[in-house]
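Read off the chains here:
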Amino acid sequence: MVKVFMGLPGSGKTKHLIDLVNNAVENESGNVVCIELGQKLRFDLNHNAKLVDITEYDFQGSFETLVAFVNGMYAGNYDITHIFIDSLCKIVPGPCDNETEKFLDWLNAFGEKHGIKFTITISDDASLAPEGIKKYF
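Just so we're clear, the structure is a prediction, and the values are computed from it rather than from any experiment.

Thresholds, definitions, all that
- Residues numbered from 1 in each chain as written.
- Predicted model: local features only at pLDDT ≥ 70, side-chain atom pairs only at ≥ 80, totals over all residues.
- Heavy atoms only, no water.
- Pairing = 2+ DSSP bridges.
- Helix = DSSP H or I, 4+ residues; strand = E, 2+ residues; numbered from the N terminus.
- Axes fitted to C-alpha atoms, helices over the stretch in contact; angles between N-to-C directions.
- Buried < 20%, exposed > 50% of the residue type's maximum accessible area, 1.4 Å probe, protein only.
- Phe/Tyr/Trp six-rings, centres within 6.5 Å; stacked < 30°, edge-to-face > 60°.
- Lys NZ or Arg CZ within 6 Å of the ring centre and 35° of its normal.

**Q** I keep staring at the sheet that holds strand 3 (residues 50–53) and nothing clicks. Help me out?
**A** Each strand in a sheet pairs with its neighbour through backbone hydrogen bonds, running either in the same direction (parallel) or in the opposite one (antiparallel). With parallel pairing, the 5 strands of this open sheet are ordered in space as 1-5-4-2-3. Each end of this open sheet is capped by a strand with a single partner; those strands are strand 1 (2–7) and strand 3. Averaged over all pairs of adjacent strands, the angle between their axes in this sheet comes to 15°, without regard to strand direction. Both strand 4 (residues 80–85) and strand 5 (residues 117–123) contribute to a ladder of 4 bridges, which runs parallel.

As structure tokens, then:
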């Protein structure tokens, strides 16, 4: 299952994400992971959430690399039940377009196969999102 929160900068997406991560840590039985660009969330998240600063890895900034990254995280920890990704279109720079939609579709299929929920934030005007992304709102 994939859930996307999309809105312009300053619309409260990250604050909502923080609340969702902390709630997941308290109420879900598996491991909760939050992928971010930089370390802006480190003091706001419950210490039991695994916070992953993608800049600490040799991340190439593409959806293909992010697919490999998610696969690798899961291969190393089958107890992951929820992965949060903050600012997807900053982690993989570019417009929110068909490539973003393909990635979200892959996440959805991966999540269904392995029992993982994904919650994503995207900083962009939600009214401009393609229909394939809006289905995850």
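Let's pick the thread back up.
**Q** What's the story with the pairing of strand 5 in this structure? I'm lost.
**A** Regular strands place side chains that alternate from one sheet face to the opposite one. Burial runs high along strand 5: 5 of the 7 residues are buried. Alignment of strand 1 against strand 5, held across 6 bridges, turns out to be parallel. Within strand 5, the residue paired with Met6 across the bridge is Ile122.

**Q** Whenever I open this one, the packing of aromatic side chains confuses me. Can you help?
**A** Any two aromatic rings considered together are summarised by their centre-to-centre distance and by the angle between their planes. A full pass over the atoms with the stated rule returns 7 aromatic pairs. Centre to centre, the rings of Tyr57 and Phe69 are 5.4 Å apart; their planes meet at 70°, and the pair counts as edge-to-face. Of this pair, Tyr57 sits in the loop between strand 3 and helix 2 (63–76) while Phe69 is found in helix 2, placing the two residues 12 residues apart along the sequence. Assessed through its relative accessible area of 43%, Tyr57 is described here as partly exposed. Of the residues examined, Phe69 reaches a relative accessible area of 16% and is grouped as buried. Relative to Tyr78, the ring of Tyr74 has its centre 5.0 Å away and its plane inclined at 90°; by these criteria the two rings are edge-to-face. Classification of Tyr74 by relative accessible area gives buried; the value is 11%. Three or more aromatic residues joined by ring pairs make a cluster, and in this case those are Phe63, Tyr74, Tyr78, Phe103, Trp106, Phe110 and Phe118. Its guanidinium or amino end placed over the ring of Phe5, Lys3 lies 5.7 Å from that ring's centre, counting from NZ or CZ.

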